[in-house]
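# Descriptive analysis of the structure
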Amino acid sequence: MALPYHRIIVKIGSNVLTQANGLPDHARIGHLVEQIAGLKKQGKEVIVVSSGAVASGRSLVQVPEKADAVTSRQVLAAVGQVKLLATYAELLGHHELLCAQVLVTKEDFRDRQHYLNMQNCFRALLQNSIIPIVNENDVISVTELMFTDNDELAALVATMLNADALLILSNVDGIFNGNPQDPAAELIPEIEPTTTSFSSFVTTQRSQFGRGGMITKCHMAHKVAQLGIAVHIANGKTENILPRLLNQEVVNTRFLPSKTASSKKKWIAHSDLAAKGAVQINAGAKAALTEPHKATSLLPVGILGIMGTFQKGDIIRILDETSKPIGLGMAEYSSDKALERLGHQNQKPLVHYDYLFLSAEIS
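Residues numbered from 1 in each chain as written. Predicted model: local features only at pLDDT ≥ 70, side-chain atom pairs only at ≥ 80, totals over all residues. Heavy atoms only, no water.

Here we take up the overall build of the chain. When helices and strands are tallied, the chain shows 13 helices and 13 strands. For the chain, the C-alpha radius of gyration of 22 Å lies close to 21 Å, the compact-globule estimate for 363 residues. A separation threshold of at least 6 residues defines the contact pool for the chain, and within that pool the share at least 24 residues apart is 73%. Total accessible area on the chain stands at roughly 16,500 Å², and carbon and sulfur atoms take up 51% of it. (Helix = DSSP H or I, 4+ residues; strand = E, 2+ residues; numbered from the N terminus. Rg over C-alpha atoms; globule rule 2.2 N^0.38 Å. Contact = heavy atoms within 4.5 Å. Areas by Shrake-Rupley, 256 points an atom, 1.4 Å probe, with all protein chains shown as cover.)

Have a look at this one:
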C-alpha cells in the first residue's frame, strides 16, 4: 500500500550525487530528477534539499592547494551552485517543470521574522507548482554559522513547512544495528518515537564527501519524527528509490512520527541557538513539566534563578537543578519581571505550555 504523503522533502546527500573521484554523477542526478517528476505528476509537493555544489565546483575550477579549507569551500560552492542549479533546471525542464534556488543560512532559522518570510516564499513557490532546490549558502556560512550538515537543513525545512515526510537519501539502505559493512549487521526497519539512544548500534564514521555521520542523521531524524513528521533513510543509489520507497517496495529505515506539534513549537524546538537567557528550575517544577500526557506551564514558584537578560517573546533555555538543559520556551515577560516574581505563588506563567518544548520531545 502506498504511503499517504503529499508534501515531501527529499534530501539528496553528497555521496549520492558524487562519483568516487569527487565529481558530479550526472546520470544519477538525471535518474533522481525523473523520479521527482513522477511524484509531481501524482500531484505531490516536492521540496529538494540538495548537496553537490562543492562537487559541481570541483568539476569547473582548480583551487590552489595553498588556499585554506574555508576559502576553497567558498570558491567551489559559489561556482558549483550555479552549475548544480543549471543542471536541475535543464533536467526538470525536460519534464516541463520549473525549479527555484533557495539558499539559506542557520541565522535565517534563528530569527522569527526571517523564518516567517522564508516560510511564505516556500508556500508561494509550492502554490505555483515550482520545485524549490534548497542548499546552504556556503559563501556566508563558515565554521560556527554552518549547519551540522544538510540533514539538519532538511530537518528545519521539513518542520517549517509541516511536511508529511522527510526522505533522506544516503549511500546506505538505512540504519543498521552495527557497521553496514559487517555481513552480520541487520537493517532496522522502524524506529519508535520512544527510542532514546543510537550510539550503541550506529557507526560514527562520516561520509567521504559529506560533513555528517549516521549518528547525526539518527538524532536529526528522531527529532523531526518527534514533531509529527515521518522520516525515512534510504539508499539514493537504488534504482527508482523514491516511488519504490513510497510504495513500500524497498528496504529503508522509517522513524515513526509521534503526535503533531504546533507550528510555533516546531520553531521553538530548533531555536536553541536563538536563546537569549536561561532559567533554572527546582525538582518539583521539573517533575510537573515532564509528567507524561499532561500540559503544564512553567510558573515562577518553581524557578530557582534567572541567567542572562531576555524580553517578552524571546527564547529561553530551561535548566534543572544540576544545570542540565531540559527544554526551551518562549518567555511571556522579561527577565526583570521574572526576577521580581521569582519563587512567588499565584503568578502568571513565565512560559506557557503552548510555547514550551521539552528535551523529551526534541532529544
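The next point concerns the sheet that holds strand 6 (residues 190-191). With mixed pairing, the eight strands of this open sheet are ordered in space as 3-4-2-1-5-7-8-6. Where the open sheet ends on each side, the last strands, each with one partner, are strand 3 (99-104) and strand 6. As defined by bridge partners, strand 2 (residues 45-50) adjoins strand 4 (residues 131-136) across two bridges and the pair is classed as parallel. Within the sheet, the bridge partner assigned to Val49 lies in strand 4 and is Val134. (Pairing = 2+ DSSP bridges.)

To continue, consider unusual backbone geometry. Unlike most non-glycine residues, Ser129 shows phi in positive territory, near 60°. Here Ser129 shows up in the loop between helix 6 (112-127) and strand 4.

Moving on to the nonpolar core. For soluble globular proteins, the rule of thumb is that nonpolar side chains tend to be buried together. One finds Ile9, Phe109, Phe122, Val134, Val157 and Phe255 to be the most contacted residues of the largest nonpolar core, which totals 49 residues. The element best represented in this core is helix 7 (residues 150-160), accounting for seven residues. Of the residues that make up this core, three or more belong to each of domain 1 (7-261) and domain 2 (273-358). Within the second largest apolar cluster, 35 residues are counted, among which are Ala53, Leu91, Ala165 and Leu167. (Core = buried A, V, L, I, M, F, W, Y, C linked by side-chain atoms within 4.5 Å. Buried < 20%, exposed > 50% of the residue type's maximum accessible area, 1.4 Å probe, protein only. Domains from an automatic or database assignment.)

Below, the discussion takes up the sheet that holds strand 12 (residues 325-330). Pairing in this open sheet of five strands is mixed, and the strands run 10-9-11-12-13 from one edge to the other. Of all strands in the sheet, those bounded by a partner on one side alone are strand 10 (303-308) and strand 13 (356-358). Each neighbouring strand pair of the sheet contributes to a mean axis angle of 20°, computed without reference to strand direction. Looking at chain direction, strand 9 (residues 277-281) and strand 10 are connected through five bridges and run antiparallel. Residue pairing for strand 10: Val279 is matched across the bridge by Ile306. (Axes fitted to C-alpha atoms, helices over the stretch in contact; angles between N-to-C directions.)

This brings us to the packing of aromatic side chains. Between two aromatic rings, the relevant description is the distance of the centres plus the angle of the planes. In total, this model carries two aromatic pairs according to the counting rule given. Arranged with centres 6.3 Å apart and planes meeting at 75°, the rings of Phe109 and Tyr115 form a pair that is edge-to-face. Taken as a pair, Phe109 and Tyr115 share a single burial class, namely buried. When the centroid spacing of 6.0 Å and the interplanar angle of 75° are considered together, the rings of Phe109 and Phe147 count as edge-to-face. (Phe/Tyr/Trp six-rings, centres within 6.5 Å; stacked < 30°, edge-to-face > 60°.)

Keep in mind these numbers describe shape, not what the thing actually does.
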